[in-house]
Amino acid sequence: MLNLLATETEALTGRKMLEGRTAIVTGSTSGIGLGIAHALARAGASIMLNGFGDPADIETLRAEMAESNDVDVAYDSADMSKRDAILMMVERAKARFGQIDIIVNNAGIQHVSPIGEFPPEKWDAIMAINLSAAFHLVQATFDGMCERGYGRIINVASAHGLVASPFKSAYVAAKHGMVGFTKSIALEGAEFGVTSNAVCPGYVWTPLVEQQIDAQAKSHNIARDAVIRDVFLKNQPTKRFATVEEMGALSVFLCCDLAGYHRHGHSGRWWLDGALKISTRRNRGVRTMNKHAGVKKIIAGSAVVASSERGPRTLNLALQGGGAHGAFTWGVLDRLLDEPNLSLEGVVATSAGAMNAAVLAYGLAEGGRSGAQTALANFWRRVSHASASGPLQPTIFDKITGSRALEFSPAFMMFDMATRLMSPYQFNPFNFNPLRQILEQSVDMDAIRTARCPVKLSICATNVRTGKVKVFGNDELSIDAVMASACLPFLFQAVEIDGESYWDGGYMGNPAIFPLIYGCDTPDVLVVHINPIERAEVPHTASEILNRINEISFNSSLLREMRAVAFVTDLIDASPESTGNLKRIFVHGISDDVTMKSLSVSSKLNADWGALVDLRDRGRECADMWLLANYQDIGKRSTVDIRERYL
């Protein structure tokens, strides 16, 4: 079936399934690894072979594989027990191929011995080659895969990754570890088009297995057929060996686009037991974008149709700031970008919202909807990576509480105290801000300033000298402008632009709505809320009081503008014939006050990947529910009661 699919793909597109892809296959000079390498090469991938053997034989193998498949094939003799050798192999592969798209971790060794007699050096060697080598190889290539939006990691884990056998303690432990490793990196790569799968074959017919059969027959003085039937295939459902061709075919499938489930990975365990039983577990990041396709639902009394049936609509977006809580906005944007008929005209944003807005605009300009989704995911991945090497880390007690806070972090306590006693000109004299480098890596401002940028961007900052809001549009947008919008004065020195100094835009507009009213034709404004407007309880602790002060001050400008919108709406409703140039604005809102109210102020500094992904998922869910309930109202009416919500 896979061969038929590959043939049809090549006939229809003129390209092989994996043409243009590159792969490193460890332990590929014989057996399973060689079978996988042959299959990937036949599918069009360039191959880096690795393993031991006679140099002349390996060169013959390499040359024949390259010539018969018309692909580039290289060989590296890296010792998989040595990290430095693995990293050098990766560098040589990058130098030859340009990039690494596919990793097949197949190298492995075995030793059989009772635990009491198991040589410690054998244990260490098996762990190094069978497990640690996979970690080193994936670590060296993973970020590049995520940045490009494509990667395939295949870990050959063996049936011993699922069950145990006596006298194989190291091998079983390593293979179980390989399965766990596969699941973990599948979750990390899911949002970036990087999949990770563990293939868990039973006995595969290879020269090594043939040698084991002969050895068993000789040592137990039984017929060779009896060894195959009663020992090797006793628990195999089909009573036959898997073949290296089947391993190769499965690997090609896992590497092709059909196995990507859009941009998401699967944490899977794949059995090859002769019946090719397959069991996969999708990770929690996998989307169900077509979940409602063709289905009509009734929400809040109004009929709601699926994305494919929704007519064209246009929105303006207003994105609030809130530090790491901006990952909620990432989720909202990610879900809105799934809507094929929903267009964006203008985006106004502040602080973390400005970061999201700039990355969104850049992604749309360079790659459309999918480009924007990839750009946002890469940005937040970089934020998490930078945070992981910093001092502000949640402790085990913070994680146990599930608050995503840093309340028990000694580094946060010292940091909090320092910001109360000293200014950033004292404790941060060199004005170091890791977000600047992340933003420079994530956004090309030239793309936003050009005509091909499809959205009108407005980034808000507060002029320190005048106390007025400054709005930076597409034509004057820069890294400094976005950094100014996110410049918290107790953390960073004011950002100077053209002789003026700026602080976080949230003090004067979180965000300001007027750029959308005066600069866009679309009357609909969707506010993505991060800062709760109301809280039922009065704060008592110092941190709670400070958090509430920030929420009130950062929401105040928005509330004032909403009062003006309500006033103009009343004028239009009272005398629609004599309103002149007054413009009716339809206001919408997406928020998750329950979640946001449960988060402390310190959680805004927690960029742990798990915390960011949780907020992203909540954003997607809230946006999905809003679209289901309100899509048909866009362009017709407000879906927020302005008086109840804002006045």
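Residues numbered from 1 in each chain as written. Predicted model: local features only at pLDDT ≥ 70, side-chain atom pairs only at ≥ 80, totals over all residues. Heavy atoms only, no water.

Novice: How should the overall build of the protein chain be read in this particular structure?
Specialist: For the protein chain, the count of helices and strands is 22 helices and 18 strands. Counting across all 647 residues of the protein chain, residues that qualify as buried make up 52%. Considering only intrachain contacts with a sequence separation of at least 6, the fraction spanning at least 24 residues in the protein chain is 74%. Total accessible area computed for the protein chain in this model is approximately 29100 Å², and 56% of it derives from carbon and sulfur atoms. (Helix = DSSP H or I, 4+ residues; strand = E, 2+ residues; numbered from the N terminus. Buried < 20%, exposed > 50% of the residue type's maximum accessible area, 1.4 Å probe, protein only. Contact = heavy atoms within 4.5 Å. Areas by Shrake-Rupley, 256 points an atom, 1.4 Å probe, with all protein chains shown as cover.)

Novice: Is there a simple way to think about the pattern of salt bridges in this case?
Specialist: Side chains bearing opposite charge may pair, as long as their charged atoms lie close to each other. As enumerated under the stated definition, the model contains 29 salt bridges in all. With a closest N to O distance of 3.9 Å, Glu188 and Arg381 form a salt bridge. Of this pair, Glu188 sits in helix α6 (residues 169–189) while Arg381 sits in helix α11 (residues 352–388), placing them 193 residues apart in sequence. The buried category is assigned to Arg381, whose relative accessible area is 6%. Here Arg224 and Glu210 are joined by a salt bridge, their closest N and O atoms 3.8 Å apart. Taken together, the residues span a long stretch of sequence, with Arg224 in helix α8 (residues 224–232) and Glu210 in helix α7 (residues 207–220) at a distance of 14 residues. On the basis of relative accessibility, which here comes to 32%, the residue Arg224 falls in the partly exposed class. What emerges from the salt-bridge pattern is a single network uniting Glu191, Arg616 and Asp617. (Salt bridge = Lys/Arg side-chain N within 4 Å of Asp/Glu carboxyl O.)

Novice: Help me understand the confidence of the model for the protein chain in this model?
Specialist: The predicted coordinates should not be examined in detail at positions where pLDDT is low. Per-residue confidence for the protein chain averages 83 on the pLDDT scale, and 85% of its residues sit at or above 70. Contacts for the low-pLDDT stretch residues 262–305, under 50 throughout, to residues beyond four places or in other chains number 130 contacts. (pLDDT = per-residue confidence, 0-100.)

Novice: Just checking my understanding: could you explain helix α5 (residues 120–148) for this structure?
Specialist: Note that an α-helix has 3.6 residues per turn; residues three or four places apart therefore point the same way. Here α5 spans 41 Å end to end across 29 residues, near enough to the 42 Å set by a 1.5 Å rise per residue. Along its length, α5 reaches its greatest deviation from straightness, about 45°, at Ser132. Where α5 ends, the next residue or the one after it, Gly149, has phi of about 80°, a positive value. (Expected span 1.5 Å × (residues − 1). Bend = angle between axes of the 7 residues up to and from the residue.)

Novice: I'm lost on empty space enclosed by the protein in this one. Help?
Specialist: Unoccupied space between atoms shows up once a probe the size of one water molecule is rolled over them. Per the counting criterion, the structure on display carries three cavities of 30 Å³ or more. As a volume, the largest cavity reaches approximately 60 Å³. Around the largest cavity sit His325, Ile530, Asn531, Pro532, Arg535, Asn547, Glu551, Met596, Leu599, Ser600, Val601 and Lys604, which together line it. Counted by class, the lining of the largest cavity contains five nonpolar, four polar and three charged residues. (1 Å grid on protein atoms, 1.4 Å probe; cavity = no way out; pocket = protein on both sides within 12 Å on 5 of 7 lines; lining within 4 Å. Points joined across faces, edges and corners; volume = space filled by probe spheres on them. Nonpolar A, V, L, I, M, F, W, Y, C, P; charged D, E, K, R; others polar.)

Novice: Would you take a moment to explain the pairing of strand β17 (residues 524–528) for this structure?
Specialist: On any regular strand, side chains alternate: one points to one face of the sheet, the next to the other face. Counted residue by residue, β17 has five buried out of five residues, so it is predominantly covered. By the alternation rule, side chains of β17 split into Asp524, Leu526 and Val528 and Val525 and Val527, which are all buried. Strand direction decides the pairing type here: strand β11 (residues 313–319) and β17, joined by four bridges, are parallel. Within the sheet, the bridge partner assigned to Leu319 lies in β17 and is Val528. Here β17 runs beside strand β18 (residues 586–590); their pairing, made up of five bridges, is parallel. If you follow Leu526 over to β18, its bridge partner there is His588. (Pairing = 2+ DSSP bridges.)

Novice: Can you walk me through the environment of Ile47 in this structure?
Specialist: With respect to the element layout, Ile47 can be found in strand β2 (residues 46–50). On the accessibility criterion, Ile47 (0% relative accessible area) is buried. Put simply, Ile47 and Tyr75 are 28 residues apart on the chain and 8.2 Å apart in space, counted from C-alpha to C-alpha. Aside from chain neighbours lying at most four places away, what touches Ile47 is Ala23, Ala37, Leu40, Ala41, Met65, Asp72, Val73, Ala74 and Phe97.

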